[in-house]
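Structure at a glance
Letter by letter, the chains look like this.
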Amino acid sequence: MTDLLKNPIFLDETKARDWLEARVWANGRVCPHCGNADQDKITKLDGDAHRPGVYQCNEPACRKQFTATVGTVFESSKIPLTKWLAALFLMTASKKGISAHQVHRMLGISYKSTWFLMHRLREAMRVGGLLPPMGEDGGAVEVDETYIGRVKGVKMKRGGSRHKNAVLSLLDRETGQVRSFHVSNANAAEIAPIVNANISKEARLMTDTAPVYKKMFTEFARHDTVDHSKDEYARRDGETIITTNTIETYFSVFKRGMKGTYQHCSEKHLHRYLAEFDFRHNNRTALGVNDAARAEQLAKGIVGKRLTYRRPD
Ligand SMILES: [Zn+2]
């Protein structure tokens, strides 16, 4: 991280723009208005009359101007790119997250702007599109739920969890990848569609003995459970360990981060925090992804995820 902080992209706006352009346009410049990728029909607009980084599309039907930030989470932002990139590196390198207050103080931009900027970066961490099913070739997939925060207007009941937000996570033990979802209720109606859409029928599922999982998983190749009520957390079955401990470890990082770093999180934004913790877990050091590579990975996610909301509440 100390070497990373010496990177000129955090100080020099031109270097920051070059860094961003190289990632957004890894395969050459593309006009975000019409899709023109013919490099002979794109001109860089130099000179004092133009903002830096502006290009002209020369496709006759288009003729529009653009920069590398159009169509990305950085679009229409008045925050310098140097600050965006510093925030991007800080967020990807902080295992339990980093608070908007801290980033605001470190970067010298208003708290409100920092709050927006960080939510846009979380949006960039969100994995979009169709993902391959987990547990193909009979691999182990752990499924578990956890509860966090408070749901507005629901009374707290002793031993109950309805007053908290429910989170469902799926973890493919072979790839080490996790996918987390904010569910309104950890019941079969909510959980089954997520499990069916994300996990291969060949998978070997592992859960605790919660009744919700019992019937639901009959369609899968195998379903093993560990009985937490009998203090059973892991057991060996030949080469395989039956457990949900891997996902529990993930939940503990997530919860420590949410309690220690973020403190307040409304229900509305929970999916973005989950995207942040999933992103760092899926691009973690143990999988050979260092801080610099993790930031590169996030830079790939900034395209096509422009957030349209503007209000922090
Ligand atoms: Zn164009």
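Report on the accompanying structure.

What counts and what doesn't
Residues numbered from 1 in each chain as written. Predicted model: local features only at pLDDT ≥ 70, side-chain atom pairs only at ≥ 80, totals over all residues. Pairing = 2+ DSSP bridges. Helix = DSSP H or I, 4+ residues; strand = E, 2+ residues; numbered from the N terminus. Axes fitted to C-alpha atoms, helices over the stretch in contact; angles between N-to-C directions. Core = buried A, V, L, I, M, F, W, Y, C linked by C-beta atoms within 7 Å. Buried ≥ 20, exposed ≤ 12 C-beta atoms within 10 Å, placed from the backbone. Contact = placed C-beta atoms within 7 Å.

With antiparallel pairing, the three strands of this open sheet are ordered in space as β1-β2-β3. If you trace the sheet from one side to the other, it starts and ends with β1 (42-44) and β3 (65-66), each paired once.

Here we take up unusual backbone geometry. Trans is the common state for peptide bonds, and a negative phi is the common state for residues other than glycine. One non-glycine residue, R63, lies in positive phi territory at about 55 degrees. Structurally, R63 is set in the loop between β2 (55-57) and β3. For D231, which is not a glycine, the phi torsion comes out positive at approximately 60 degrees. Mapped onto the fold, D231 is located in the loop between β8 (222-226) and β9 (234-237).

All right, on to the sheet that holds β8 then. The strand order β6-β5-β4-β7-β8 describes an open sheet built from five strands, whose pairing is mixed. Whereas interior strands pair on both sides, the edge strands pair on one side only; in this sheet they are β6 (177-183) and β8. Each neighbouring strand pair of the sheet contributes to a mean axis angle of 25 degrees, computed without reference to strand direction. Bridging between strand β4 (residues 140-148) and strand β7 (residues 204-208) involves three bridges; their strand directions are parallel. Bridging across to β7, V141 finds its partner in L205.

Counting 35 residues, the largest nonpolar core has L85, A87, L88 and L121 as the members making the most contacts within it. At the level of secondary structure, the elements contributing two or more residues to this core comprise α2 (13-24), α3 (81-93), α4 (100-107), α5 (111-125) and α10 (291-301). Sorting elements by how many residues they give to this core places α3 first, with nine residues. The residues contacting L85, other than those within four sequence positions of it, are I9, F10, A16 and W19. Of all hydrophobic cores here, the second largest spans 27 residues; its members include M206, I247, M258 and Y273.

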